[in-house]
Amino acid sequence: MNKTMGENQDKNTLQEENTARAPENGAESKKKGSFLVNIQFILLGAIVLVIGFSVFRLYKWNKGTPSDYDPNYQTTDFDIEVMDNLIPLAPDKREGYVDDGVTTILCLGDDPFSLELGENGLASQIAKKTGATVYNGSFTGTTMAAQFASYNDGYILDAFSFSYIAKSLASGDFDLMKTAASYSYDENFAKTAQMLSELDMNTVDMICVMYDGSDYVNKRPCDDPNAPYAEITYTGALRSGVSAIQEAYPHIRIVVMSHTFCHSINEEGNFQNGDRADLGHGTLSHYLQKERDATMDVGVSFIDNFYGSINEDNYLDYMTDYIHFNDAGRELLAQRFTDCLFPELAKQPEE
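Residues numbered from 1 in each chain as written. Predicted model: local features only at pLDDT ≥ 70, side-chain atom pairs only at ≥ 80, totals over all residues. Heavy atoms only, no water.

1. Brief notes about unusual backbone geometry
Note the following rule: We count a stretch as a helix when DSSP gives it H or I for four or more residues in a row; a strand needs E for two or more, and each element gets its number in order from the N terminus.
A positive phi angle is found at K219, which is not glycine, with a value near 60 degrees. Mapping K219 onto the fold places it in the loop between α7 (214-217) and α8 (234-248).

Right, here's the structure in full:
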């Protein structure tokens, strides 16, 4: 009986111990369950964040970033580098030359100088901006290159092309020029020819040469690699004329101002962009590059007006038609000349 009671007591003790342990096990189970739930929420939250971030990045990528481009914005700026090439006169070229102390400039060319002879003219604007004495030796409707290989009385304008004028200045013989001028309907031809014949070239310090796109428009050949001094080509006439003046008057600094942008007119009477239409000898930019090359060959300065002054973007502000300049255009060209050759006189910025 005692044994039975002892067994019962052991059973009761075990039950009490199990009963005491039960809350502890329940608490531990609850803690473990709570811990698992927290991990699941954390993982779920992390997954949501990753998905949300990915969706946001995808949305932003699809939307892109705001652009500063304005299709209606217009500017006269362009990316092409201006091709000026300014060469000072070598000091030895003026050895023995007696300077009179007056800066004298002779302008040679065609319409940019000749169509306006008043105070708004290109020569007058250069005189105003530089303070120099400026002579206008230009002839309307002429070209750098001659039309014929030898002079033809049936085409008097050749007597006023650049190489013919240069050779007259170098030799002092103006008979052909004066005779041709007597047949011209433009009375300024005779006046200008007379002025040139009377001008003392020993007093001239600088010659500015500028022809517009007339050689291109009139389909003068641009260049002949086999005859670099051929006067019926644009660059050949330039080389020939410059060389004649340099030999006769080495003290004179020669500056070539390039043509600007212009149009040509086709058979239907429509404008053709000069930088796109090849009339047989290259586009305007081809003439420009060849002209620059020719000036380098003979060692004279070159001012690029095609990219540096009046171009395809702004020509409407400075031209009256497909090739000729208004007052603003001539003023711009005169300022460009002054900025390049007389930088000390360049227009100061307004305060």
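Resuming the write-up.
2. A short note on the sheet that holds strand β1 (residues 104-109)
As a reminder, the rule being used: Strands qualify as paired when DSSP identifies two bridges or more between them. All axes here are fitted lines through C-alpha atoms, helices being fitted over the stretch that makes contact, and every angle between N-to-C directions spans 0 to 180 degrees. Contact criterion: two residues are considered in contact whenever any of their non-hydrogen atoms come within 4.5 Å of each other.
Read across the sheet, 5 strands follow the order β2-β1-β3-β4-β7 without closing on themselves; strand pairing throughout is parallel. The strands lining the two open edges of the sheet, one partner per strand, are β2 (133-136) and β7 (301-303). For this sheet, the mean angle separating the axes of adjacent strands, direction not counted, is 20 degrees. Taken together, the 3 bridges between strand β4 (residues 253-257) and β7 define a ladder with parallel strand orientation. Each bridged residue has a counterpart across the sheet, and for V256 the counterpart in β7 is F302. Docked against the sheet, helix α9 (residues 284-298) engages β4 and β7, running at close to 160 degrees with respect to β7.

3. Describing the packing of helix α3 (residues 122-130) against helix α12 (residues 327-341)
Put simply, the test is: For classification purposes, angles smaller than 35 degrees are called roughly parallel, those larger than 145 roughly antiparallel, those between 65 and 115 roughly perpendicular, and all remaining angles oblique. By convention the crossing between two helices is left-handed if the near helix lies anticlockwise of the far one by an angle smaller than a right angle, and right-handed if it lies clockwise. All residues other than Ala, Val, Leu, Ile, Met, Phe, Trp, Tyr, Cys, Pro, Asp, Glu, Lys and Arg, Gly among them, are scored as polar; the first ten of these are nonpolar and the last four charged.
At a closest axis distance of 9 Å, the pairing of α3 and α12 adopts a crossing angle of 45 degrees. As far as their axial angle goes, α12 and α3 are oblique. As α3 packs across α12, the resulting crossing turns out to be right-handed. Along the contact surface, α3 presents L122, Q125, I126, K129 and T130, while α12 presents R330, E331, L333, A334, Q335, F337 and T338. In terms of residue class, the contact of α3 with α12 is built from 5 nonpolar, 4 polar and 3 charged.

4. Some details on the pairing of strand β3 (residues 206-210)
A regular strand places its side chains so that they alternate between the two faces of the sheet. As a reminder, the rule being used: Throughout this description, buried means an accessible area under 20% of the type-specific maximum (1.4 Å probe, protein chains only), exposed means over 50%, and partly exposed covers the range between.
β3 sits mainly inside the fold: 5 of its 5 residues count as buried. Of the strand pairs in this sheet, β1 and β3 are connected by 5 bridges, and their pairing is parallel. Paired with L106 across the strands is I207, a residue of β3. For β3 and β4, the ladder comprises 5 bridges, and the chain directions are parallel. Note that in β4 the partner of M210 across the bridge is M257.

5. Comments concerning the pattern of salt bridges
Spelled out, the test is: Salt bridges are defined by distance alone: a side-chain nitrogen of Lys or Arg within 4 Å of a carboxyl oxygen of Asp or Glu.
If you walk through the whole model with that rule in mind, you get 10 salt bridges. Among the ionic pairs, R94 bridges to D99, the shortest N-O distance being 3.2 Å. Judged by relative accessible area, R94 falls into the partly exposed class, the value being 27%. The partner of R276 in a salt bridge is E312, with the nearest N and O atoms 2.8 Å apart. Separated by 36 residues along the polypeptide, R276 in the loop between β6 (271-273) and α9 and E312 in the loop between α10 (305-308) and α11 (315-318) bring together distant segments of the chain. Taking the relative accessible area as the measure of exposure, R276 reaches 63% and is therefore exposed. Classification of E312 as partly exposed rests on a relative accessible area of 32%.

6. Details of the packing of helix α5 (residues 175-182) against helix α6 (residues 187-198)
For any two helices packed against each other, one specifies the crossing angle of their axes together with the interaxial distance. Two elements in contact, α5 and α6, have axes whose closest approach is 8 Å; the angle formed by their N-to-C orientations is 165 degrees. Viewed along their axes, α5 and α6 adopt a mutual orientation that is roughly antiparallel. For the pair α5 and α6, the sense of crossing is left-handed. Contacts from M177, K178 and A181 in α5 reach F189, A190, A193, Q194, L196 and S197 in α6. For the contact of α5 with α6, the per-class residue count stands at 6 nonpolar, 2 polar and 1 charged.

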